[in-house]
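Observations on chain architecture
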Amino acid sequence: MGKVYVFDHPLIQHKVTYIRDKSTGTKEFRELVDEIATLMAFEITRDLPLEEIDVETPVQMAKSKVLAGKKLGVVPILRAGIGMVDGILKLIPAAKVGHIGLYRDPVTLQPVEYYLKLPSDVQERDFIVVDPMLATGGSAIEAVNSMKKRGATKIRFMCIIAAPEGVEALQKAHPDVDIYIAALDEKLNEKGYIVPGLGDAGDRLFGTK
Ligand SMILES: O=P(O)(O)OC[C@H]1O[C@H](OP(=O)(O)OP(=O)(O)O)[C@H](O)[C@@H]1O
Ligand SMILES: O=c1cc[nH]c(=O)[nH]1
Ligand SMILES: [Mg+2]
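Attention here is on the structure that accompanies the text. (Residues numbered from 1 in each chain as written. Chains lettered and ligands numbered in written order. Predicted model: local features only at pLDDT ≥ 70, side-chain atom pairs only at ≥ 80, totals over all residues. Heavy atoms only, no water.)

Description of helix α2 (residues 26-44)
This is how it is decided: Elements are defined by DSSP. Helices are runs of H or I of four residues or more, strands are runs of E of two residues or more, and each kind is numbered from the N terminus. To estimate how far a helix should reach, multiply one less than its number of residues by 1.5 Å. Summary of the burial criterion: residues with accessible area below 20% of their type's maximum are buried, those above 50% are exposed, and those between are partly exposed, where the area comes from a 1.4 Å probe applied to protein chains only. The contact rule is simple, with two residues in contact once any of their heavy atoms fall within 4.5 Å.
End to end, α2 covers 26 Å across 19 residues, agreeing with the expected 27 Å (1.5 Å per residue, within 8%). Buried residues of α2: F29, L32, V33, D34, I36, A37, T38, M40, A41, E43 and I44, and no others. Looking at the packing, one finds that the buried side of α2 touches α1 (10-20), α3 (82-89), β8 (125-130), β10 (154-162), β11 (178-184) and α6 (201-206).

Digging into the coordination of the magnesium ion (ligand 3)
Note the following rule: Each metal's donors are the N, O and S atoms within 2.8 Å of it, or within 3.2 Å when it is Na, K or Ca, and because water is not part of the set, sites may look incomplete.
Protein-derived ligands of the magnesium ion (ligand 3) are D200 (OD) and D200 (OD), with the metal-ligand distances lying across 2.4 to 2.6 Å. Position of D200 relative to the elements: it lies in the loop between β13 (194-195) and α6.

Things to note about the side chain of D131
Structurally, the position occupied by D131 is in the loop between β8 and β9 (133-134). In this structure D131 touches I77, A80, G81, M84, F157, M158, C159 and I160, once residues within four positions along its chain are discounted.

Some words on the packing of α2 against α3
Put simply, the rule reads: Simply put, an axis is a line fit to the C-alpha atoms, just over the touching stretch for a helix, and the angle between two N-to-C directions goes from 0 to 180 degrees. Roughly parallel means an angle under 35 degrees; roughly antiparallel, over 145; roughly perpendicular, 65 to 115; everything else is oblique. The handedness criterion is simple: a crossing whose near helix is rotated anticlockwise from the far helix by less than a right angle is left-handed, and one whose near helix is rotated clockwise is right-handed.
Interhelical geometry of α2 versus α3 gives an angle of 50° and a closest axis separation of 7 Å. Relative to α3, α2 is oriented oblique. With respect to the hand of their crossing, α2 and α3 are arranged in right-handed fashion. Residues V33, D34, A37, T38 and A41 of α2 lie in contact with α3, whose contacting residues are G83, M84, D86, G87 and I88.

With respect to a nonpolar patch on the surface
As a reminder, the rule being used: Nonpolar side chains (Val, Leu, Ile, Met, Phe, Trp, Tyr) are joined into patches within 5 Å and like charges within 9 Å, using only residues with over 30% relative accessible area and no salt bridge. Accessible areas in this description were obtained via Shrake-Rupley with a 1.4 Å probe; residue shielding takes into account the shown protein chains only. The salt bridge criterion pairs a side-chain nitrogen of Lys or Arg with a carboxyl oxygen of Asp or Glu, the two atoms within 4 Å.
A cluster of nonpolar side chains, V4, V6 and L184, forms an exposed patch at the surface whose accessible area comes to about 220 Å². Position of V6 relative to the elements: it lies in strand β1 (residues 4-6).

Brief notes about the environment of V107
Its place among the elements puts V107 in the loop between β6 (99-104) and β7 (111-117). Along the chain, V107 and V4 lie 103 residues apart, while their C-alpha atoms are 29 Å from each other.

A word on unusual backbone geometry
Note that the residue after L78, namely R79, is joined by a cis bond; omega there is 0°. With respect to the helices and strands, the residue R79 is situated in the loop between β4 (71-78) and α3. Note the cis peptide between V195 and P196, where omega equals -5°. Residue position: P196 is located in the loop between β13 and α6.

Looking at the pattern of salt bridges
In this structure the tally under the stated criterion is twelve salt bridges. In this structure, K15 and E35 form a salt bridge, with 2.7 Å as the shortest nitrogen-oxygen distance. Here K15 is found in helix α1, whereas its partner E35 is found in helix α2, with 20 residues between them in sequence. Judged by its relative accessible area of 31%, E35 is partly exposed. We note a salt bridge from K63 to D54, for which the minimum N-O separation is 2.5 Å.

Structure follows, in structure tokens:
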């Protein structure tokens, strides 16, 4: 079963509070999501593999470590996932970026795919699928389905706010996918929104209703 990591770093918790606040405007909301994504990327990359190489300092030759292993890929689930990409790339600028466009049918809550573009070398990459919200889990599950169908094998999921229902559904559908969360909330309401949550992440990021 995929592991679930809830990041409790004080800076992450502090910033999550301000994106929850309905009085936080679009500009500040966007900036905070970007900052939270960078902090979460720092935590999620703690276990990246390293290898030793020879480097010549101004003083002498030395053995020193560099990142090793598979290259990384970041895959935002459009639209709201886009708000997390730049913050992550600040720390891993060499990562390639794929895109999966999905919206949740407002009535059925089922994910509807409208776009997909992944790096050509999916088999060789470790992927982090990102979306600020994990509610029913439908979007995350569908995104991972699409990536696996195209050959991706190592996938992790990063979100800012998750409902227990979504965590459970994603773990069940994809037991090989570890889940990284900034805040595990209470439940879903009758409209499928996370309670207390932060409202509609995409609309708050892009000022749309
Ligand atoms: O876990 P789920 O029940 O699938 O809900 C989560 C999805 O809902 C929101 O997207 P939305 O459909 O509002 O699209 P948007 O990001 O373009 O606003 C959110 O950004 C997630 O992608
Ligand atoms: O609370 C929620 C649930 C799904 N999608 C969102 O953007 N917010
Ligand atoms: Mg939305």
